Amino acid sequence: MDLAYICEWEKWPKSTHCPSGPLACTWSCRNLIAFTTDLRSDDQDLTRMIHILDTEHPWDVHSIRSEHSEAITCLEWDQSGSRLLSADADGQIKCWSMADHLANSWESPVGSMVEGDPIVALSWLHNGVKLALHVEKSGASSFGEKFSRVKFSPSLTLFGGKPMEGWIAVTVSGLVTVSLLKPSGQVLTSTESLCRLRGRVALADIAFTGGGNIVVATADGSSASPVQLYKVCVSVVNEKCRIDTELLPSLFMRCTTDLSRRDRLPAITHLKFLARDMSEQVLLCASSQTSSVVECWSLRKEGLPVNNIFQQLSPAVGDKQPTILKWRILSATNDLDRVSAVALPKLPISLTNTDLKVASDTQFYPGLGLALAFHDGSVHIVHRLSLQTMAIFYSSAAPRPVDEPALKRPRTTGPTVHFKAMQLSWTSLALVGIDNHGRLSMVRISPSMGHSLDVGLALRHLLFLLEYCMVTGYDWWDILLHVQPGMVQSLVEKLHEEYTRQKAELQQVLSTRILAMKASLCKLSPCTVTRVCDYHAKLFLIAISSTLKSLLRPHVLNTPDKSPGDRLTEICAKITDVDIDKVMINLKTEEFVLDMNTLQALQQLLQWVGDFVLYLLASLPNQGSPLRPGHSFLRDGTSLGMLRELMVVIRIWGLLKPSCLPVYTATSDTQDSMSLLFRLLTKLWICCRDEGPTSEPDEALVDECCLLPSQLLIPSLDWLPVSDGLVSRLQPKQPLRLHFGKAPALPSGSSGLQLDGLIRVPGQPKMDHLRRLHLGAYPTEACKACTRCGCVTMLKSPNKTTAVKQWEQRWIKNCLCGGLWWRVPLSYP
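Below is a short write-up of the structure. What you see as residue numbers is a count from 1 along each chain, following the sequence as written. This being a predicted model, a pLDDT of at least 70 is required before a residue's local features are given, and a value of 80 or more before pairs of side-chain atoms are given or counted; all residues contribute to the totals for chains, interfaces and linings. Excluded from the side-chain calculations are hydrogens and water; all other atoms, namely the structure's heavy atoms, are used.

1. Comments concerning the packing of helix H15 (residues 603-618) against helix H17 (residues 673-688)
Whenever a helix is involved, its axis is fitted only over the stretch in contact; in every case the axis is a line through C-alpha atoms, and angles between N-to-C directions fall within 0 to 180 degrees. Under the DSSP-based scheme used, a helix requires at least four consecutive residues in state H or I and a strand at least two consecutive residues in state E, with every element numbered from the N terminus. The N-to-C vectors of H15 and H17 enclose an angle of 60°; their axes lie 10 Å apart at closest approach. Taken together, the axis directions place H15 and H17 in an arrangement best described as oblique. Considering how the two elements wind past one another, H15 and H17 form a crossing that is left-handed. On H17, the residues touching Gly610, Val613, Leu614 and Leu617 of H15 are Leu677, Leu680, Leu681 and Leu684. Within the contact of H15 with H17, the residues separate by chemical class into 7 nonpolar, 1 polar and no charged. Reported orientations rely on four angle classes, namely roughly parallel under 35 degrees, roughly antiparallel over 145, roughly perpendicular from 65 to 115, and oblique for the rest. Crossing handedness is defined as follows: a turn of the near helix away from the far one that is anticlockwise and smaller than a right angle gives a left-handed crossing, while the clockwise case is right-handed. Two residues qualify as a contact provided that any one of their heavy atoms is within 4.5 Å of a heavy atom in the partner residue. Each residue receives one of three labels: charged for Asp, Glu, Lys and Arg, nonpolar for Ala, Val, Leu, Ile, Met, Phe, Trp, Tyr, Cys and Pro, and polar for the others, Gly being one of them.

2. Regarding H17
For H17, which comprises 16 residues, the first-to-last C-alpha distance of 23 Å matches the rise-based estimate of 22 Å (1.5 Å per residue) to within 8%. The buried fraction of H17 is high, at 13 of 16 residues. An expected span of 1.5 Å times one less than the residue number is assigned to each helix. A 1.4 Å probe rolled over the protein chains alone gives each residue an accessible area, and that area as a share of the maximum for its type sets the label: buried under 20%, exposed over 50%, partly exposed in between.

3. Here we look at the sheet that holds strand S16 (residues 187-193)
When DSSP finds at least two bridges between two strands, those strands are taken to pair. Across the sheet, 4 strands lie side by side as S11-S14-S15-S16; this open sheet has antiparallel pairing. Edge strands, defined here as strands with exactly one partner in the open sheet, are strand S11 (119-124) and S16. Shown here is a sheet whose adjacent strand axes are inclined to one another by a mean of 15°, direction ignored. The sheet contact formed by strand S14 (residues 165-171) and strand S15 (residues 175-181) spans 6 bridges and is antiparallel. Among the inter-strand pairings, Glu165 is bridged to a residue of S15, identified as Leu181.

4. Thoughts on unusual backbone geometry
It is generally the case that most residues other than glycine have a negative phi and that most peptide bonds are trans. Non-glycine residue Asn31 carries a positive phi angle of around 60°. Here Asn31 shows up in the loop between strand S3 (25-27) and strand S4 (32-41). The phi dihedral of Asp100 is positive, around 55°, even though this residue is not glycine.

5. Details of the side chain of Ser675
Secondary-structure assignment places Ser675 in helix H17. Judged by relative accessible area, Ser675 falls into the buried class, the value being 18%.

6. Quick word on the packing of aromatic side chains
Remark: the centre distance and the inter-plane angle together describe each pair of aromatic rings, the angle taken between the planes. Between the rings of Phe, Tyr and Trp (Trp by its six-membered ring), a pair exists once the centres lie within 6.5 Å; its type follows the angle of the planes, with under 30 degrees stacked, over 60 edge-to-face, and the other angles tilted. A complete count under the given rule lists 16 aromatic pairs for this structure. With 5.1 Å between their ring centres and 70° between their planes, Trp426 and Tyr474 make a pair best called edge-to-face. Within this pair, whereas Trp426 is found in the loop between strand S30 (419-424) and strand S31 (430-435), its partner Tyr474 is found in the loop between helix H7 (455-472) and helix H8 (477-480), the two being separated by 48 residues in sequence. For the pair Trp426 and Tyr474, one class covers both residues: buried. Judged by centre distance (5.6 Å) and plane angle (80°), the ring pair of Phe540 and Trp807 falls under edge-to-face. Here Phe540, found in helix H11 (residues 529-550), pairs with Trp807, found in helix H19 (residues 802-809); they are 267 residues apart in sequence, far enough to count as distant. Assigned by exposure class, Phe540 and Trp807 land together as buried. An aromatic cluster is present here, built from Phe143, Phe147, Phe364, Trp426, Phe464, Tyr468 and Tyr474 joined pairwise through their rings. Either the NZ atom of lysine or the CZ atom of arginine qualifies as a charge over a ring when it sits within 6 Å of the ring centre and within 35 degrees of the ring normal. The ring of Trp685 carries Arg689 above its face, with NZ or CZ at 5.3 Å from the centroid. Sitting over the ring of Phe540, Arg772 keeps its end group 5.3 Å from the ring centre.

7. Re the pattern of salt bridges
Here a salt bridge means any side-chain nitrogen of Lys or Arg lying within 4 Å of a carboxyl oxygen belonging to Asp or Glu. Tallied over the full model, the rule gives 30 salt bridges. Here Lys742 and Glu10 are joined by a salt bridge, their closest N and O atoms 3.9 Å apart. Of this pair, Lys742 sits in the loop between strand S33 (736-739) and strand S34 (766-768) while Glu10 sits in the loop between strand S1 (2-8) and strand S2 (15-19); the two residues are 732 residues apart in sequence, bridging distant segments of the chain. As a salt-bridge pair, Arg651 and Asp672 come within 2.9 Å of each other at their nearest N and O atoms. In this pair, Arg651 sits in helix H16 (residues 637-656) while Asp672 sits in the loop between H16 and H17, placing the two residues 21 residues apart along the sequence. Because the salt bridges share partners, they merge into one network encompassing Lys146, Glu467, Glu498 and Arg501.

Encoded structure:
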């Protein structure tokens, strides 16, 4: 475990950010972190703030004035990471969602209220999706074996079994409130008492069962009182939400049954289910002013012994022994320093004996450890079942190991800096903590918990988690924290190898995600940085190809099963003629007829295709230097075939409307540039296509490509800018110190090579990377940028034609690489 970076607030003259009373923090599957502070002004007025930041650009924090009148007690992301719940000590719950799909623009259109009753626990209803990671099967070929779907019912379903969205909360006075979001946007809210004898609820947590029920655990804060558990069933009857509650077996903490310790640990300070979808295991922490004890309990079915008399009277009773649910203690710690925060793993690792044994043998620990933060500033990762310490992290103010001389230890005055709130990432490879000074710390947690592994095993661990993110669609930023530059090449190759072992349908679904994953890995090593451009260009090419093909319409409606796009692919693959007009003759040109305005609107995309083909062919003579972007395309038969199909489509559309054709600057007026490029592209494609034998380009083709710069002006392609994020600049054992709201002067990472077209200087003209429009050096239009690849595009479309809308719908929610959009402030000279 080591510190990756610390981010702290600047001191402002008129106001200051101070940690809020009950500090809330939550981490989404898209690697957005939300946390709370109180903004205190000179006249001591408090504004309750919610801050949202992307882990790759933590300084670029987005702060929301939450309009909560009291302290915010709970924050909770939904499963998709696009909505956030906040609840306060006045009983108000707000549901925040992204405005225009921007991660730094939030609105709260809906919410609910339990007047004057503080909320102590909050959760989204379960959507019925649950995976299990099988460490034992990590070497299996199929993703379906490694990550199996567990049968799990949603908390509530709509017609047809679709899960209903909504949230559930528990209040201090013992009420449970459920709000359901109907598809129409209406909110159904209902409130019910947890039991007839309502009592104070100081701590609570919510979990879900496989049958669709909800389990609520509550404690009144005193260790002498029992921890009560309730089953909650939610249903909709006559357009109204109905809540039914039922009492479950309760438990007393083990440490309170020991008379000598009962008075020493008077309060229960933490109560958590070990996972949202595991209602059978609960973690409890009892504390005094200076020490704590943590216990893990499990709910089990146990047989009831039946008296012999009853067995003789009814033999059936003897055969089938009655069972009862009972809480049994799994493990407990000795006296520890006082616990200040707990973070639970979200990785749904399978806990069967075989999986646990394989995990132990291969030292694969993500998802098996939970984090405990202490008042002395240290953080312990302990095993979620045995509570044995697996790793220890000391923050800057925490005591160092004993062998360090006492003179070197920092002297602390006042309370020690310690984490008041913590969260583990979705793969458990990173931990975020907010301390009592309001600073945010990002800690790396190695998959082997610091044990030294051979490189092959370390790669296997990271590969397994990357595959999990590929299947679930979760962001993989926290895995990149552990990838060393030397691992990149092997990881990319192994990832591709595993991908090609999947079924063709699954490969098609994951085709863009694996390209984005390879691009983010290649950023981390100076040897592979140019391939980032290639992967992004391939993503762009796939998107253009599928969009343009989808515009083609069959001339007669009752056509056979093949679409015009499929027929185009088939004919172009079959006919290897180098003459573009001979290929065109075999196509039904009436299927390519489009509206003139549509064709004109697509000109910028068609221009990119033409420029890209010219750039690739012109760089063929230099293919010995792999440092040039575009190098990998020269041996990629699939991509060259795709470009060839698009050239044919563009040629046909050019006959309908010549102004939509790509514009080339040629030295001769009579030269047919499209035919020339198609001829050379076809010769190159024949050398490396999938169907035929692969061969090296012959000398005649290379000579013709050498002549291209004397026949046509070679365009300078606008490759994607190198992202200004952190992950490629983080150094092991050298944490970065950052400030919220202030972009740092970061050391140039592995990708800071002086490459053609990759370097940005201030004032250089900017490009809309997805519409291929020039925005000028200081764009006047509002723009958004991708948090992962740095791709920039305008917020509002300058064109209203249907084809352009269809193109823009592809990346309205996420960038082509899957990253989130972030509104970019306008820059001025």
